[in-house]
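# Structure at a glance
What follows is each chain in one-letter form.
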Amino acid sequence: MNGPELSTQRLDLWRPAARDHAALVDLLADDEVRRHLGNRPTDPVEEFNRLCRNAGSWALYGYGTFVCRARGTDDVLGICGVFHSWRGIGQGLDDTPEIGWIFARKTWGQGIATEAARAALGWFDAAFPGRRVACMINDTNLPSLAVADKLGFVRYGAEADHGAQLILLERLP
């Protein structure tokens, strides 16, 4: 692809590519960025696997996570999109389109995640009309819960995860 899949006022959203590996390593190196992701350690191998999962969703299902860059630049600010995952917890998440976002700390509080997620959902809804979309958010991640609320997601369940409580949310067609 020669250009981004989508553009918003402040972002260009690209399908994942091999060139994104180093930027993912940098993005997830920040402990605060990973805090609500279970704060599991990361390294170049883990981020290569994340990149492959993201690209695999596109290859297998025709949708996936976008790499979000500051508009007109190569500066990776985060990742966001509707992807296909199998979490192994059932409850409406396995084998289901799921939205997620991870953004660099320097973007927090600026509406960047909401902007990217709205664009990703708009693209998904046009390409796959009438599909339910789910998400899960750590109950202590109040900013992400606020983003989900702005996007019209409602709580339908909860799941314990390594001492954390995950809130399960959905947006019905």
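Residue numbers run consecutively from 1 along every chain, following the written order of its sequence. Local features in this predicted model are restricted to residues whose pLDDT is 70 or higher, and side-chain atom pairs enter the listing and the counts only when it is 80 or higher, whereas totals over whole chains, interfaces and linings include all residues. Only hydrogens and water are set aside when side-chain values are computed; all heavy atoms of the structure are taken into account.

## A few points about unusual backbone geometry
Notably, D95 is not glycine yet its phi reads approximately 60 degrees, a positive angle. Only protein chains enter the accessibility calculation, which uses a 1.4 Å probe. A residue is then buried if its area is under 20% of the maximum for its type, exposed if over 50%, and partly exposed in between. Overall, D95 belongs to the partly exposed group, its relative accessible area being 43%.

## Considering the packing of helix 1 (residues 21–29) against helix 3 (residues 44–61)
To characterise two packed helices, one gives the angle between the axes of the helices and the distance between these axes. Fitted lines through C-alpha atoms serve as axes, helices being fitted only where they are in contact, and the angles separating the N-to-C directions of these axes extend from 0 to 180 degrees. Numbered from the N terminus, helices here are DSSP runs of H or I no shorter than four residues, and strands are runs of E no shorter than two. At a closest axis distance of 9 Å, the pairing of helix 1 and helix 3 adopts a crossing angle of 115 degrees. Helix 1 and helix 3 meet at a crossing whose hand is right-handed. Contacts from H21, L24, V25 and L28 of helix 1 reach helix 3 at P44, E47, F48, R50 and L51. For the contact of helix 1 with helix 3, a count of residues per class yields six nonpolar, one polar and two charged. Rotating anticlockwise by less than a right angle from the far helix to the near helix defines a left-handed crossing, while the corresponding clockwise rotation defines a right-handed one. In this description, contact between two residues means that some pair of their heavy atoms is separated by no more than 4.5 Å. Polarity classes work like this: nonpolar for Ala, Val, Leu, Ile, Met, Phe, Trp, Tyr, Cys and Pro, charged for Asp, Glu, Lys and Arg, and polar for all others, with Gly in that last group.

## Things to note about the nonpolar core
Here, nonpolar core refers to any group of buried Ala, Val, Leu, Ile, Met, Phe, Trp, Tyr and Cys residues whose side-chain atoms link them within 4.5 Å. Among the nonpolar cores identified, the biggest contains 32 residues, and I99, W101, F103 and F153 are the most heavily contacted of them. Secondary-structure elements contributing two or more residues to this core are strand 2 (11–14), strand 3 (65–70), strand 4 (76–85), strand 5 (96–103), helix 4 (112–127), strand 6 (133–138), helix 5 (142–150) and strand 8 (164–171). The element that contributes the greatest number of residues to this core is helix 4, accounting for nine residues. The next biggest cluster of nonpolar side chains, apart from the first, holds 11 residues, and it includes A23, L27, V76 and I79.

## Here we look at helix 4
Between its terminal C-alpha atoms helix 4 stretches 23 Å, which fits the 22 Å expected from 16 residues at 1.5 Å a residue. What helix 4 keeps buried is the set I112, A113, T114, E115, A116, A117, A119, A120, L121, W123 and F124. To estimate the expected span of a helix, subtract one from its residue number and multiply by 1.5 Å.

## Observations regarding the pattern of salt bridges
Salt bridge, as used here: a side-chain nitrogen of Lys or Arg that lies within 4 Å of a carboxyl oxygen of Asp or Glu. Counting across every chain of the model gives 15 salt bridges. Put simply, R15 and E5 hold a salt bridge, and the shortest N to O gap is 3.0 Å. Residue R15 is found in the loop between strand 2 and helix 1, and its partner E5 is found in the segment before strand 1 (6–7); the two are separated by 10 residues along the sequence. R15 gets classed as partly exposed once you look at its relative accessible area, which sits at 34%. The exposure class of E5 is partly exposed, given its relative accessible area of 22%. D75 is the salt-bridge partner of K106, the closest N and O atoms lying 3.1 Å from each other. Taken together, the residues K106 in the loop between strand 5 and helix 4 and D75 in the loop between strand 3 and strand 4 connect sequence positions 31 residues apart. A network of salt bridges, in which partner residues are shared, links R19, D20, R69 and D74.

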